[in-house]
Each structure stands twice: as structure tokens, then as C-alpha cells.
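Given next are the chains, with one letter for each unit.
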Amino acid sequence: MRRVVSVRTLGVLLAVVALAFGAACGREGSPGGQPVAGVPIAQNVQVPGSPTFAAMQQRGRVVLGVKNDQPGLGIQDPTTGQYTGFDIEIGRMVAAGLGFSPEQIEYRVIPSAAREDAISRGDVDLYVGTYTINDSRKQRVGFAGPYFVAGQDLLVRADDTTITGPQTLQGKRVCSATGSTPIQRVRQQNLTQNVVEFQNYSQCVDALRGGQVDAVTTDNAILQGYAAQTPDQLKVVGVVFSEEPYGIGMNRDDVALRNKVNDLVQASENDGTWTRLYNETLGRSGTPAPQPPPIERY
Ligand code: GLU
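These numbers were taken from a predicted model, which means no experiment stands behind them.

Draft legend 1. Examining the site of the ligand more closely. By nearness alone, 17 residues border the ligand, and Ser112, Thr130, Thr132, Tyr201 and Asp219 come closest of all. Between the ligand and Tyr201 there is a distance of 2.6 Å, counted from an oxygen atom to a side-chain nitrogen or oxygen. Asp219 places a polar side-chain atom, nitrogen or oxygen, 2.6 Å from a nitrogen atom of the ligand. When the ligand sits alone it has 280 Å² of accessible area, and the protein chains cover 100% of it.

Draft legend 2. Representation of helix H6 (residues 181–188) in the model. Every buried residue of H6 is accounted for by Thr181, Pro182, Ile183, Arg185 and Val186. Capping of H6 at its N-terminal end is provided by Ser180; its side-chain oxygen lies 3.3 Å from the backbone amide nitrogen of Ile183. Backbone geometry just downstream of H6 places Asn190 in the positive-phi region, at approximately 50 degrees.

Draft legend 3. The arrangement of the confidence of the model for the protein in detail. Per-chain confidence: the protein averages 90 in pLDDT, with 87% of residues scoring 70 or above. In this model, residues 1–33 is a region of pLDDT below 50 whose contacts with residues beyond four sequence positions or in other chains number 19 contacts.

Draft legend 4. Summary view of the environment of Arg92. As for its placement among the helices and strands, Arg92 is situated in helix H3 (residues 86–97). For Arg92, a relative accessible area of 3% puts it in the buried group. Once the C-alpha coordinates of Arg92 and Gln104 are considered, the two residues, 12 residues apart in sequence, prove to be 9.7 Å apart. A polar contact is formed between the side chain of Arg92 and the side chain of Glu89, at a distance of 3.0 Å. Among the polar contacts made by the side chain of Arg92, one reaches the side chain of Tyr107 at a distance of 3.0 Å.

Draft legend 5. Summary view of the sheet that holds strand E8 (residues 152–157). On the basis of which strands lie adjacent, the open sheet formed by 5 strands has the order E10-E9-E11-E8-E12 and mixed pairing. Of all strands in the sheet, those bounded by a partner on one side alone are strand E10 (194–198) and strand E12 (234–236). For this sheet the average axis-to-axis angle between neighbouring strands, irrespective of direction, equals 30 degrees. The pairing of E8 with E12 spans 3 bridges and is antiparallel. Within E12, the residue paired with Val156 across the bridge is Lys235. Running over the sheet, helix H7 (residues 201–210) touches E8, strand E9 (173–177), E10, strand E11 (215–219) and E12 and is turned about 150 degrees from E11. Here helix H8 (residues 220–229) sits on the sheet and contacts E8, E11 and E12; the angle it forms with E11, its principal contact strand, is near 130 degrees.

Draft legend 6. Summary view of unusual backbone geometry. In this chain, Gly145 is followed by Pro146 through a cis amide linkage whose omega measures 5 degrees. In this fold, Pro146 is placed in strand E7 (residues 141–150). Here Thr130, not a glycine, exhibits a phi torsion of approximately 45 degrees, which is positive. Looking at the element boundaries, Thr130 is found in the loop between strand E6 (126–127) and helix H5 (135–138).

Draft legend 7. Layout of the state of the cysteines. Evaluated as defined, the whole model comprises 1 disulfide. Disulfide partner of Cys175: Cys204, at an S-S distance of 2.1 Å. As the torsion about the S-S bond is roughly -70 degrees, the Cys175-Cys204 disulfide counts as left-handed. With Cys175 in strand E9 and Cys204 in helix H7, the pair connects residues that are 29 residues apart, well separated along the chain. Taken individually, Cys175 and Cys204 each receive the classification buried, so the pair is uniform in this respect.

Draft legend 8. Broad picture of the packing of aromatic side chains. Taken as a whole, this structure holds 12 aromatic pairs when the rule is applied. Seen from their ring centres, Phe86 and Tyr147 are 6.1 Å apart, and the 50 degrees between their planes marks the pair as tilted. Here Tyr147 lies in strand E7 and Phe86 lies in helix H3, a separation of 61 residues in the sequence. Ring centres of Tyr127 and Tyr131 lie 5.3 Å apart, and the angle between their planes is 70 degrees; this geometry places the pair in the edge-to-face category. Note on Tyr127: relative accessible area 0%, which makes it buried. Classification of Tyr131 by relative accessible area gives buried; the value is 0%. Linked through ring pairs, Phe86, Tyr147, Phe148, Tyr246, Trp274 and Tyr278 together constitute an aromatic cluster. We note Lys138 situated over the ring of Tyr298; from NZ or CZ to the ring centre the distance is 4.2 Å. Against the face of Tyr298 rests Arg258, its NZ or CZ located 4.0 Å from the ring centre.

How each quantity is defined
Residues numbered from 1 in each chain as written. Predicted model: local features only at pLDDT ≥ 70, side-chain atom pairs only at ≥ 80, totals over all residues. Heavy atoms only, no water. Near = heavy atom within 4 Å. Polar contact = N/O pair within 3.5 Å; in protein donor to acceptor, adjacent residues only side chain to side chain. Areas by Shrake-Rupley, 256 points an atom, 1.4 Å probe, with all protein chains shown as cover. Buried < 20%, exposed > 50% of the residue type's maximum accessible area, 1.4 Å probe, protein only. Helix = DSSP H or I, 4+ residues; strand = E, 2+ residues; numbered from the N terminus. pLDDT = per-residue confidence, 0-100. Contact = heavy atoms within 4.5 Å. Pairing = 2+ DSSP bridges. Axes fitted to C-alpha atoms, helices over the stretch in contact; angles between N-to-C directions. Disulfide = S-S within 2.5 Å. Phe/Tyr/Trp six-rings, centres within 6.5 Å; stacked < 30°, edge-to-face > 60°. Lys NZ or Arg CZ within 6 Å of the ring centre and 35° of its normal.

Dropping the structure here:
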């Protein structure tokens with residue numbers, strides 16, 4: 001009897017040690033190194049004919065291009081260094097499917113205007129950051145996906161009653177990010193003469209709060225994240241005037257990797273992972289998970 005008790009005690013002790021060890025391990029690793037809940041790290045992955053994948057394997061890490069100031073999508077906690085958001089989770093899911101753990105992801109922050117250069121130079125292996133798939137960008141980079149569809153909208157101060165849609169911007173100071181599709185649309189459609197541009201949307205949001213601009217325009221998914229931070233100060237107008245299908249950017253000529261990443265996104269949609277990742281990030285704002293868009297294989 002005595003012996004049984006001591007064995008049991010030993011077992012409990014071992015369990016405690018194992019738990020403590022596990023917890024300690026969980027705190028280590030790169031910023032944002034939380035495991036993707038329920039997404040197993042694939043073993044013995046091969047992507048024949050993919051130079052990008054070969055380079056990732058050689059280095060033992062994935063260099064993931066991201067945004068770090070877009071709540072709900074891609075944001076870095078300034079105190080913990082952790083990255084969270086739907087784009088980040090999509091990136092981790094793809095990395096896991098390619099055989100890389102969250103600790104093997106190196107995050108590199110790339111603003112909208114620098115994406116094509118960063119990808120085509122090989123500074124990043126994959127880019128996941130509210131990156132609209134379109135024909136002009138396809139001349140320079142490849143896209144897997146889309147994994148989400150957003151639409152251009154407007155963010156204004158909560159007490160503004162004059163801006164109610166894109167046709168009410170004449171004479172208003174409108175801010176957006178350099179090199180983005182929304183800033184191009186404002187100019188092409190001549191929605192206002194007074195366009196202010198910054199590298200990052202958070203700079204536009206600061207300018208909106210400070211009264212230097214009257215509206216920020218970009219994808220609704222991005223703007224909703226900012227509005228949710230200070231709903232008493234900011235609101236999204238809610239009139240969507242474009243379609244922004246989000247792709248995972250990569251080397252234009254690496255068709256093998258593009259096919260593989262498309263397969264991974266498709267699998268995540270089929271097995272419910274996609275919906276879970278959405279619910280844990282963008283879905284927290286209260287918008288229920290949409291149907292994921294069909295993958296475009298070109
Ligand atoms: N989705 C748009 C784009 O790719 C706007 C968001 C962004 O700048 O990342 O240009």
C-alpha cells in the first residue's frame with residue numbers, strides 16, 4: 001500500500017514537472033510563437049520544383065511578410081512582441097502545412113508600398129497582410145488564395161455626419177497608404193483632390209483623431225479593427241465600394257509553391273480550420289464567419 005502511494009506521488013510529481021517544463025517551453029521561441037491551436041505541423045513535406053521551399057528548408061525558417069498595426073488582421077503587441085490576427089493565423093497555418101512550427105517563423109514587417117519589391121527580391125518567402133490580388137501586381141508577384149474578401153470603406157470621426165459614402169468626399173482630406181489599391185481608387189475616381197498619404201494606416205488613423213484629415217479609406221476589415229479600439233471616437237461609414245480579394249504573396253514564378261499553398265488554404269476551408277481561425281481573430285468583433293471565397297488557380 002505504501003509503495004502504491006509513493007508511485008502515485010511520483011507520478012503526480014512527474015506530471016507537475018512535465019507541465020512546468022511545457023509551460024516554460026511555451027514562453028520561449030520567437031515573438032508570436034504560440035502554437036496554432038489544432039493545426040498540426042506537417043512532417044516530411046516535399047514541394048518538388050519550388051526554389052522558395054528549398055530555401056526555407058535549407059535555412060530551417062520561414063520568412064513571413066506581415067503588417068504589425070492592423071488590429072484583427074496583423075498586429076504586434078508592443079509589450080509581449082506577440083503577433084495576432086487573421087492574416088497572422090493564415091500565415092501560421094500555411095507554415096504548419098509546409099512543416100514549420102510557429103517558432104520557425106521569422107516575421108518581417110513590410111508596408112503596402114514595399115510588398116512587390118520585398119517579394120520579388122526574396123526578402124520574404126510568403127506575404128500575408130491584407131494584400132489584394134490584382135492583375136497589375138500579378139505581373140510582379142504570385143498569389144495563392146484568395147483566403148478572404150474585403151471591400152473599400154471609410155473611417156471617420158464618430159460625430160461626423162457629412163461623410164456618408166465615396167460620393168461625399170469632395171473637399172475633404174482623405175488619408176490612405178502609399179501603394180495601396182484604395183489610394184489608387186480615390187485618385188482614379190477623383191473622389192477628392194485632397195489626398196494625404198502615409199506608409200501605414202495607423203498613421204492615417206492618428207491624423208484622423210488629431211483632426212488633420214477627415215477620413216481614412218482602405219478595406220473595411222482594417223477600418224473595423226481601428227474603430228473597435230475607440231468606438232466613441234471613430235466609426236466606419238459602412239458603404240463598401242470595391243472588392244479586395246486577399247492573397248498570399250510569393251515569388252511570381254514559383255508555381256509549385258503557389259499550388260501547394262492553394263491546397264493548404266483549401267484544406268483549411270474544408271476541415272473547418274479556416275472558420276476557427278476567423279472566429280478567434282476577426283470574428284471577435286462580432287461579425288460571423290463568412291463563406292470563404294473560392295480559390296483562384298491561375
Ligand atoms: N487590400 C488593399 C491593398 O492591398 C488595401 C490594404 C493594404 O494596403 O494592405 O492595397
